[in-house]
Amino acid sequence: MSDKCYNVLFLCAANSARSIIAEVILNQIGQGRFKAYSAGSAPRGEVHPMTLQVLRAQGYDTGALRSKSWEEFAGPDAPQMDFVFTVCDTIAGETCPVWPGQPLTAHWGVADPVKVEGSEQRQLDAFSRTQNQLLSRLRLFTSLPLAKLDRLAIQHEIDRIGQTSAAAEG
């Protein structure tokens, strides 16, 4: 793969938390090497309020975020993706659209913070753990020498990153 700006799509069923968090983080730490997007198979229609709260607390810009369908990225006018990552187990088992350009894909499953019950603090802690886990994986991803690796080596590395345990990231 040549040295260029890589398009990356993060997928999750509702596109309200995990995929949104990954999109925001990669757009910040990717420093022009990556352009991140997110979408869902059954989008919630809004970004979860705690997603926004946790991201804003870390200084991320959340102004343009919205929950959207993966159909926006499957059409002929959509940006061609270089990478597509699923971040929830539900969507990993679904039949995804055919992405133009044959992007490399990997499953980076992360626990759903939206499903955590209990106090507001307990819920916020879950969103923070999700953010930290994705930040750790994205730091590994952005450190890969993509221009120097062939497709098979990149596939191996992105699969390995997705298998990184939460305990090792935390």
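All figures in this text were calculated on a predicted structure; none of them were measured in a lab. (Residues numbered from 1 in each chain as written. Predicted model: local features only at pLDDT ≥ 70, side-chain atom pairs only at ≥ 80, totals over all residues. Heavy atoms only, no water.)

Engineer: Would you take a moment to explain the sheet that holds strand E3 (residues 83–86) for this structure?
Structural biologist: Strands in a sheet are paired, the pairing made by backbone hydrogen bonds, and the direction either parallel or antiparallel. Taken in spatial order, the four strands of this open sheet run E2-E1-E3-E4, and their pairing is parallel. Strands with a single pairing partner mark the edges of an open sheet, and in this sheet they are strand E2 (34–39) and strand E4 (104–107). Going across the sheet, the axis of each strand differs from the next one's by a mean of 20°, ignoring polarity. In terms of strand pairing, E3 meets E4 through four bridges, oriented parallel. Residue pairing for E4: phenylalanine 85 is matched across the bridge by alanine 106. On top of the sheet, helix H1 (residues 18–29) reaches strand E1 (6–11) and E2; it is set at about 170° to E2, its chief contact. (Pairing = 2+ DSSP bridges. Helix = DSSP H or I, 4+ residues; strand = E, 2+ residues; numbered from the N terminus. Axes fitted to C-alpha atoms, helices over the stretch in contact; angles between N-to-C directions. Contact = heavy atoms within 4.5 Å.)

Engineer: Explain the pairing of E1 here, please?
Structural biologist: Consecutive residues of a regular strand have side chains that alternate between opposite faces of the sheet. Of all the six residues making up E1, six are buried; the element is thus mostly covered by neighbouring parts of the structure. Along E1, one buried face is formed by Tyr6, Val8 and Phe10 and the opposite face, lined by Asn7, Leu9 and Leu11, is buried too. By the bridge criterion, six bridges tie E1 to E2 in an arrangement that is parallel. Among the inter-strand pairings, valine 8 is bridged to a residue of E2, identified as alanine 36. Following the backbone out of E1, through H1 and into the adjacent parallel E2, one traces a crossover that is right-handed. As paired elements, E1 and E3 share four bridges and run parallel to each other. Looking at E3, one finds that phenylalanine 10 is bridged to phenylalanine 85. (Buried < 20%, exposed > 50% of the residue type's maximum accessible area, 1.4 Å probe, protein only. Right-handed = clockwise from strand over helix to strand, strands pointing away.)

Engineer: Explain the side chain of arginine 18 to me, please; I cannot follow it from the model alone.
Structural biologist: With respect to the helices, strands and loops of the structure, arginine 18 is situated in helix H1. A residue is classified by how much of its surface remains accessible, and arginine 18, at 8% relative accessible area, is buried. Within polar-contact distance, the side chain of arginine 18 engages the side chain of aspartate 112 at 3.4 Å. Beyond its immediate sequence surroundings of up to four residues, arginine 18 is in contact with Cys12, Val87, Cys88, Val110, Ala111, Asp112, Pro113, Thr130 and Leu134. (Polar contact = N/O pair within 3.5 Å; in protein donor to acceptor, adjacent residues only side chain to side chain.)

Engineer: Would you mind showing me how to read the pattern of salt bridges here?
Structural biologist: Opposite charge on two side chains permits them to pair, given that their charged atoms come into close proximity. All chains considered together, the criterion is met by six salt bridges. With a closest N to O distance of 3.6 Å, glutamate 46 and arginine 44 form a salt bridge. The class for glutamate 46 is partly exposed, based on a relative accessible area of 44%. The class for arginine 44 is partly exposed, based on a relative accessible area of 38%. A salt bridge links glutamate 157 to arginine 160; the shortest N-O distance between them is 2.5 Å. Of this pair, glutamate 157 and arginine 160 both sit in helix H5 (residues 151–162), three residues apart, which is roughly one turn of the helix. Look at arginine 160 and you get partly exposed, because its relative accessible area is 38%. (Salt bridge = Lys/Arg side-chain N within 4 Å of Asp/Glu carboxyl O.)

Function-wise, these values are silent; they only describe arrangement.
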